[in-house]
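Take a look at the letters that make up each chain.
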Amino acid sequence: MLGRLRDGALADRLRPGLVVPVVLALALVVIVVAGAVLGARAASVARAAVGDTGPVLVGAELPADGSAGPPTVVLSASAAAHPQSGAVRDLLQRWTDARNSGDLSAYRATLVPDARVDATTFAAAARTQRVGSVVVRRIDPVAGGELVVPLGYVTTQDPADAPADVRVPRLCWQVGAVVETDGGEPRLVDPRPGSQLRTPC
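Residues numbered from 1 in each chain as written. Predicted model: local features only at pLDDT ≥ 70, side-chain atom pairs only at ≥ 80, totals over all residues. Heavy atoms only, no water.

Draft legend 1. Focus on the environment of Val-189. In this fold, Val-189 is placed in the loop between strand S6 (187–188) and strand S7 (196–200). The exposure class of Val-189 is buried, given its relative accessible area of 19%. Separated by 74 residues in sequence, Val-189 and Ala-115 have C-alpha atoms that sit 6.8 Å apart. Dropping the residues within four chain positions of it, Val-189 is found in contact with Val-112, Glu-146, Val-178 and Glu-180. (Helix = DSSP H or I, 4+ residues; strand = E, 2+ residues; numbered from the N terminus. Buried < 20%, exposed > 50% of the residue type's maximum accessible area, 1.4 Å probe, protein only. Contact = heavy atoms within 4.5 Å.)

What follows is the structure in structure tokens.
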């Protein structure tokens, strides 16, 4: 062994051209594994924070086949009792249908005229995304002729088309939608900060 060290055989084996790629490859493996562990832990903490992430967020049983469920908008008993329940349900049905068909014009027609819609983002999401299991929980009147409409729904999509922070094939959503009723036909207002909760399900 000493002879090998003296004649530089070991040094030849540990040339920088060989050692550096091996060290980099090992470092990359460690980073990928650490990222996967931390991601799983973050998802677990998020689920614990909101409880049962599926039925609780949506307000309905999740489809066992992994789909988004039926695209028909359903009203809870509380929502159905509101005088404008029919108009709100029709609005949300058109919104759901427009998203599922990728019809940008029909989608814009469900929103207030000054709503911000990025055509490229809409088209990218509509490429694979499907909306289903839409449940309207309540319809609450607020000042200014608006209605707050808490609802839950499910989306399925290619993970590449999911929001950047949750690249998964199925998401459960809980949304506090705002509907503007002034001017006749009800329209959806841009989502307000903190009005949407989404999680893998």
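Draft legend 2. Layout of the state of the cysteines. A complete count under the given rule lists one disulfide for this structure. Across a sulfur-sulfur distance of 2.2 Å, Cys-172 and Cys-201 are joined as a disulfide pair. Its S-S torsion of approximately 90° makes the covalent link between Cys-172 and Cys-201 right-handed. Of this pair, Cys-172 sits in strand S5 (residues 170–180) while Cys-201 is found in the segment after S7, placing the two residues 29 residues apart along the sequence. We classify Cys-172 as buried; its relative accessible area is 0%. Residue classification places Cys-201 among the partly exposed positions, given a relative accessible area of 26%. (Disulfide = S-S within 2.5 Å.)

Draft legend 3. Local environment of the nonpolar core. Among the nonpolar cores identified, the biggest contains 31 residues, and Leu-92, Val-136, Ile-139, Val-149, Leu-151, Tyr-153 and Leu-188 are the most heavily contacted of them. At the level of elements, helix H6 (85–101), helix H8 (119–126), strand S2 (130–136), strand S4 (146–156) and S5 are the ones that each hand at least two residues to this core. The contact partners of Leu-92, leaving out residues within four places of it in the chain, are Val-73, Val-136, Val-149, Leu-151 and Leu-188. Residues Leu-57, Val-58, Ala-68 and Cys-172 belong to the second largest nonpolar core, which totals five residues. (Core = buried A, V, L, I, M, F, W, Y, C linked by side-chain atoms within 4.5 Å.)

Draft legend 4. Fine view of the packing of aromatic side chains. This structure, assessed with the given rule, holds three aromatic pairs. Taking the centre distance of 5.5 Å and the plane angle of 75° together, the rings of Trp-95 and Tyr-153 count as edge-to-face. Linking Trp-95 in helix H6 with Tyr-153 in strand S4, this pair joins segments that are 58 residues apart in sequence. Its relative accessible area of 3% is what places Tyr-153 among the buried residues. Feature note: the residues Trp-95, Tyr-153 and Trp-173 constitute an aromatic cluster, connected by ring pairs. (Phe/Tyr/Trp six-rings, centres within 6.5 Å; stacked < 30°, edge-to-face > 60°.)

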